[in-house]
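Structural overview
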Amino acid sequence: MGKFSIDRGTTFTIDIVYKKNGVAASLVGATIRFTVKSVEFDSSTTDATAVITKNVTSHVDATNGLSLITINPADTATLEPGKYNYDIKVAESGGAIYKIDEGTLKLDGSPTNRLT
């Protein structure tokens, strides 16, 4: 279970190394789903309650399971500082879905709010 601390309104990246049984696995045709919510669980099947969602389909090195999730300044600019819950899932091209990480995300505020 992971923990991230992000400054609101800044760029933050998460390196992904996708492995199965300790061995790098292919991300060819896969989508990495990153979801952040204020609660750990809800019944929304569309993730409509998420405050951040990312679907990564372009990977650094898909064959060797390397990817990157980028949280952009606009993704957090209007969020209230505080504690959130996240998970990262891989939806493989064949339809299988694996959770590769989950945890808490602490969003810190800052005096600067402008993005330009």
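Residues numbered from 1 in each chain as written. Predicted model: local features only at pLDDT ≥ 70, side-chain atom pairs only at ≥ 80, totals over all residues. Heavy atoms only, no water.

Looking at the confidence of the model for the chain
Detailed reading of predicted coordinates is not advised where the pLDDT is low. For the chain, mean pLDDT is 94; residues scoring 70 or higher make up 99% of the total. Ranking the elements of the chain by mean pLDDT puts strand E1 (residues 2-7) last with 91 and strand E7 (residues 66-71) first with 98. (pLDDT = per-residue confidence, 0-100. Helix = DSSP H or I, 4+ residues; strand = E, 2+ residues; numbered from the N terminus.)

What to know about the nonpolar core
One finds Ile14, Ile32, Phe34, Ile69, Ile88 and Leu105 to be the most contacted residues of the largest nonpolar core, which totals 23 residues. Listing elements by their share of this core, those giving two or more residues are E1, strand E2 (12-17), strand E5 (31-37), strand E6 (52-56), E7, strand E8 (82-91) and strand E9 (97-108). Looking at this core element by element, the count peaks at four residues for E8. Apart from residues lying up to four places away in sequence, isoleucine 14 is in contact with Phe4, Phe34, Ser67, Leu68, Ile69, Ile71 and Ile88. (Core = buried A, V, L, I, M, F, W, Y, C linked by side-chain atoms within 4.5 Å. Buried < 20%, exposed > 50% of the residue type's maximum accessible area, 1.4 Å probe, protein only. Contact = heavy atoms within 4.5 Å.)

Section: the layout of surface pockets
Empty space within the largest pocket amounts to approximately 460 Å³. Looking at the largest pocket, it is lined by 21 residues, and the ones nearest its centre are Thr35, Lys37, Asp47, Asp87 and Lys89. Secondary-structure elements contributing two or more residues to the lining of the largest pocket are E5, E6, E8 and E9. A per-class count over the lining of the largest pocket returns five nonpolar, six polar and 10 charged. (1 Å grid on protein atoms, 1.4 Å probe; cavity = no way out; pocket = protein on both sides within 12 Å on 5 of 7 lines; lining within 4 Å. Points joined across faces, edges and corners; volume = space filled by probe spheres on them. Nonpolar A, V, L, I, M, F, W, Y, C, P; charged D, E, K, R; others polar.)

Notes on the side chain of lysine 54
On the secondary structure map, lysine 54 appears in strand E6. With a relative accessible area of 15%, lysine 54 lands in the buried category. Within the structure, lysine 54 has its side chain in polar contact with the backbone oxygen of threonine 70 (distance 3.4 Å). Separated by 2.7 Å, the side chains of lysine 54 and aspartate 75 make a polar contact. (Polar contact = N/O pair within 3.5 Å; in protein donor to acceptor, adjacent residues only side chain to side chain.)

Some points on a nonpolar patch on the surface
A surface patch of nonpolar side chains, about 310 Å² in accessible area, is lined by Val17, Val60, Leu66 and Leu68. With respect to the secondary-structure elements, valine 17 resides in strand E2. Of the residues examined, valine 17 reaches a relative accessible area of 49% and is grouped as partly exposed. (Patch = residues over 30% accessible without salt bridge, like charges linked within 9 Å, V, L, I, M, F, W, Y side chains within 5 Å. Areas by Shrake-Rupley, 256 points an atom, 1.4 Å probe, with all protein chains shown as cover. Salt bridge = Lys/Arg side-chain N within 4 Å of Asp/Glu carboxyl O.)

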